[in-house]
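Summary of structural features
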There are 4 protein chains.
Amino acid sequence: MTATGPELTSPTTATPATPASTATHARFGPVEAEPYPWPYDGSFAPATTAVINIDWQTDFCGKGGYVDAMGYDLSLTRAGLEPTANLLAALRPLGFFIIHTREGHRPDLADCPPNKLWRSKRIGAGIGDPAPAGRILIRGEIGWDIVEEVYPVEGEVIIDKPGKGSFYATDLDLVLQTHGITHIILTGITTDVCVHTTMRDANDRGYECLLLSDCTGATDHGNYRAALNMVKMQGGVFGAVASSEALLTSVAAGPVA
Amino acid sequence: MTATGPELTSPTTATPATPASTATHARFGPVEAEPYPWPYDGSFAPATTAVINIDWQTDFCGKGGYVDAMGYDLSLTRAGLEPTANLLAALRPLGFFIIHTREGHRPDLADCPPNKLWRSKRIGAGIGDPAPAGRILIRGEIGWDIVEEVYPVEGEVIIDKPGKGSFYATDLDLVLQTHGITHIILTGITTDVCVHTTMRDANDRGYECLLLSDCTGATDHGNYRAALNMVKMQGGVFGAVASSEALLTSVAAGPVA
Amino acid sequence: MTATGPELTSPTTATPATPASTATHARFGPVEAEPYPWPYDGSFAPATTAVINIDWQTDFCGKGGYVDAMGYDLSLTRAGLEPTANLLAALRPLGFFIIHTREGHRPDLADCPPNKLWRSKRIGAGIGDPAPAGRILIRGEIGWDIVEEVYPVEGEVIIDKPGKGSFYATDLDLVLQTHGITHIILTGITTDVCVHTTMRDANDRGYECLLLSDCTGATDHGNYRAALNMVKMQGGVFGAVASSEALLTSVAAGPVA
Amino acid sequence: MTATGPELTSPTTATPATPASTATHARFGPVEAEPYPWPYDGSFAPATTAVINIDWQTDFCGKGGYVDAMGYDLSLTRAGLEPTANLLAALRPLGFFIIHTREGHRPDLADCPPNKLWRSKRIGAGIGDPAPAGRILIRGEIGWDIVEEVYPVEGEVIIDKPGKGSFYATDLDLVLQTHGITHIILTGITTDVCVHTTMRDANDRGYECLLLSDCTGATDHGNYRAALNMVKMQGGVFGAVASSEALLTSVAAGPVA
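About the criteria used
- Residues numbered from 1 in each chain as written.
- Chains lettered and ligands numbered in written order.
- Predicted model: local features only at pLDDT ≥ 70, side-chain atom pairs only at ≥ 80, totals over all residues.
- Heavy atoms only, no water.
- Helix = DSSP H or I, 4+ residues; strand = E, 2+ residues; numbered from the N terminus.
- Rg over C-alpha atoms; globule rule 2.2 N^0.38 Å.
- Buried < 20%, exposed > 50% of the residue type's maximum accessible area, 1.4 Å probe, protein only.
- Contact = heavy atoms within 4.5 Å.
- Lys, Arg positive; Asp, Glu negative; His and termini not counted.
- Charge placed at Lys NZ, Arg CZ, Asp CG, Glu CD.
- Phe/Tyr/Trp six-rings, centres within 6.5 Å; stacked < 30°, edge-to-face > 60°.
- Buried area = accessible area lost by both parts, 1.4 Å probe.
- Salt bridge = Lys/Arg side-chain N within 4 Å of Asp/Glu carboxyl O.
- Polar contact = N/O pair within 3.5 Å; in protein donor to acceptor, adjacent residues only side chain to side chain.
- Nonpolar A, V, L, I, M, F, W, Y, C, P; charged D, E, K, R; others polar.
- Least-squares fit on C-alpha atoms with pLDDT ≥ 70 in both.

The subject of this paragraph is the overall build of chain A. Within chain A, the secondary structure is distributed over nine helices and six strands. Taking 2.2 N^0.38 as the reference for a compact globule, 257 residues should give roughly 18 Å; the C-alpha atoms of chain A span a radius of gyration of 17 Å, in line with that estimate. In terms of overall dimensions, chain A has C-alpha extents of about 55 × 40 × 30 Å along its principal axes. For chain A, with 257 residues in total, the buried portion stands at 67%. Within chain A, counting contacts between residues at least 6 apart in sequence, those at least 24 apart form 75% of the total. Computed over 18 positive and 29 negative side-chain charges, the inter-centroid distance for chain A is 6 Å.

With that settled, the discussion passes to the packing of aromatic side chains. Residue and element names in this part refer to chain B. Overall, the coordinates contain 32 aromatic pairs over all chains when judged by the stated rule. Taken together, a centroid distance of 6.4 Å and an interplanar angle of 25° make the contact between Phe 28 and Phe 96 stacked. Linking Phe 28 in the segment before β1 (49-54) with Phe 96 in the loop between α4 (81-91) and β2 (97-103), this pair joins segments that are 68 residues apart in sequence. Owing to a relative accessible area of 4%, Phe 28 belongs among the buried residues under this scheme.

Time to look at the interface of chain D and chain C. Taken together, the contacts link 45 residues of chain D with 45 residues of chain C. Interface of chain D and chain C: buried area, both sides summed, is about 4,100 Å²; carbon and sulfur atoms make up 53% of it. For the interface between chain D and chain C, the tally reads two salt bridges. The closest approach of N and O atoms between D:Arg119 and C:Glu208, which form a salt bridge, is 2.9 Å. Viewed at the interface, chain C and chain D are joined by 28 residue pairs in polar contact (both at pLDDT 80 or more). Among the elements of the structure, α2 (66-70), α5 (114-122), α7 (191-204) and α8 (221-232) of chain D are those that each provide at least two residues to the side of chain D that touches chain C. No other element matches the eight residues that α7(D) contributes to the side of chain D that touches chain C. Here the residues of the side of chain D that touches chain C are counted per class, giving 20 nonpolar, 15 polar and 10 charged.

Residue and element names in this part refer to chain A. With respect to the element layout, Arg 106 can be found in the loop between β2 (97-103) and α5 (114-122). Among the residues examined, Arg 106 registers a relative accessible area of 2% and is labelled buried. Each C-alpha atom, one on Arg 106 and one on Val 256, is 45 Å from the other, the two residues being 150 residues apart in sequence.

So, about the relation of the copies chain A and chain B. Mapping chain A onto chain B leaves a residual RMSD of 0.0 Å; the transformation is a rotation of 180° accompanied by 0.0 Å of translation along its axis. Here the transformation between the copies is reduced to the relation of a two-fold axis. Using C-alpha coordinates, one finds that chain A approaches the rotation axis most closely at A:Ala226, a distance of 3.1 Å. With an isologous cut-off of 70% or more, the 100% of interface residues of chain A that recur at the interface of chain B puts this contact in the isologous class.

Each copy of the chain is related to the other by a rotation around an axis and a translation along that axis. Screw-axis analysis of chain D against chain C gives a translation of 0.0 Å along the axis, an RMSD of 0.0 Å, and a rotation angle of 180°. Comparing interface residues between copies, 100% of those in chain D also lie at the interface in chain C; the contact surface is shared.

Treat this as a map of the structure, not an account of what it does.
Put into structure tokens, the structure is as follows:
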């Protein structure tokens, strides 16, 4: 585990980056997944595949953050942390393009829609209000940063987003296009909210997506299971679902081409 | 029921439109909803509220279309048709801004991502392939058009979209902004796919959304219920859910201001 | 000249399309251009290069259309028609991806910002008002369609756009991504308005753009020259500029790889 | 002059913000402008009008920055600094919503298209390369920050953008919508590149824009003049142009309603 905490990265990106040119052009796969062996085109390469880790922030899975303030059981959103840490440890040396997202707002709330603010205050977890981990969902606060277990390392990109989806009002699509990314592997929280919104928006743009079932969690277990199930409808309406073990098995099998 | 079929509208919009200036500035509400009385700001006006009806197309709820070709039970996606027709009959005279969406692709598939095409073919319902209601999910085909029960009338806007979300690669946001819309009421199919993706993207943009539980349906009843439940998390993470009866009760009670 | 008029295409696309798979993978170039030999990466292939023809509509270069109604000299906007027709005749057989755009609004003006409407009426060329070529800038009218000299042929994509830029509120980016396009060659009118806005937005997205100086024109000759000059600042701030002769010379020289 | 330098603000926003609710609802106008008295709807209010100041960075108008490295005459891009400082001094107390943009890239260049990078290196001003004011166009460097004369004060929003346009890959539209902004006043550099791209994209979205002729400049005087002229075509194709004196005269005349 090489993560060393918040001081490692600037608010907008880890630096210096691993040059994209170091990514290997080996291809792996397919991965045993539902409803089809992933990806649709048979194999995936580190050079064109991004691992997007959604909102592994204290606010969503740590003590004193937003989800904790709302009274949800943290063990549900924390369940995927260890598998995700293992996944990153295995994929980092292979040159996959690793991205992390953080939901959060400007300290002056200039980017926070009034209904989002109102709803959060109504349930006692007001955005911008003080909490044990700092002002809730505010950039720069302790609760807003990514937890230690899956903290970004040098060369990984961080996307700060004001909404649930990672494409809206961010440079994510530009970053993906600049790196020639065509395939996306998703981890993160919460499954039914930010992970799903991001997966849906990525899928509409043509990215081939895989959601790792054990590397994600939700504030409600039924919603977690339903979110996985929704992906599998209509032949894989948003992509496919696999365990991280299945993905790592394919990678361990070595390049296919 | 004034709908008279496809010949009424051009492929891109019903014409001529009811001028926006005829919309009433009366305000209604609130609506008994979960997890909070909708809307967050207490009331909603026809002049600033859009009713967006998602993908009530033969391809998703009619015989010989896409969902039928995939083998799903059509009664699930058709369940919301009658409540939606009743809703439209009640709201049309009041000046609400009524929008309809249609998922579909260009006949040459220039806008169809290859993975979406591949998945559809894999399950025997290939986009662009011939089916009883015409080429599946292709603009201009019978199966692609909106079913008679909720067919657009003059002055209503139709949004043609290539994806699941209604904001991506369309002029929906421009149309909403041009009309000063701030509140959105959603009906349509399927709850967990196109309706939810649209609601999520609208919510990230700050629109205050209400999903009508009886005016929507999915290809799987569990997913339908879960999709409704997901909205209610975190104090209404994507907005609120109500029955159409609750909405119509508020409207019948008359203007509040 | 293979164009046969409006009846050839549907409102949204020509059908059936030439499959993308017929595009050649030959590479041509570089083209003698300013301020650098285009493209930056040395060569361009029909399979990954789009020729985007902007707004060659009667409304912008024909009698009885929008620009005519405003009183501008049509010879300025028509000047690029013949070179563009020659260009298309040369590039069509090689498998380049050819796109046409049309600026226009829904007949009910649902997508027309009120200030745009107001300005057009103030100068006596109101959007939606009757003119010799039909309602000004309205989809489906004669004046809105593309002129005969460069009319789309089967397999070419038409993008209908409500604004000056071709990316905003359209599916252009999706279409380009779906076809793996990385390079864009621009023709059309007017140089300083719709062509430039599209080139700027394409450039920000990372597309490598070439504007053909003799295949474009403006309502003011000084603005035309300045628009070409602006491209060349800062080492090619929006891309490069060349004559169509220079481009065709490179193509005639045959594949470089 | 209240600006106190870089330590005042975080990289993403000045904090804490002046609450939007302090903005006055007085309306001013119209402003003597070309080609029509601005705005089209007769008057503008601080509560719904944003002043967007484009890229007043050392990289574009200071010694040792990007434009200096390219060898352009800095007096051209600096010409608008004093009028802009005077403008801000006059408008700040009235509650206008003041926004500043900065063009720049992530330190690892993850958001820098390869052609943009290549062009900059070709002319000896490579993005990310060391220069007297730090790495060229890189976030966090001295050259990237806003110059002292027009430095943001508390409560003003800063938009960091990777491209020439301010809407692409940023949260600008979300911020404008959240604050109910409908009118935009533009200052900044350079007129023909980042200011014009932003004005064009704002105009397509329906914002009513005014460009202040003495509060902007370009690396070429001919391009500066042409950029102003282009706005005035077609009855104000992108909005209107006025001097800051004309604007301040309207404001000094007091509220009209």
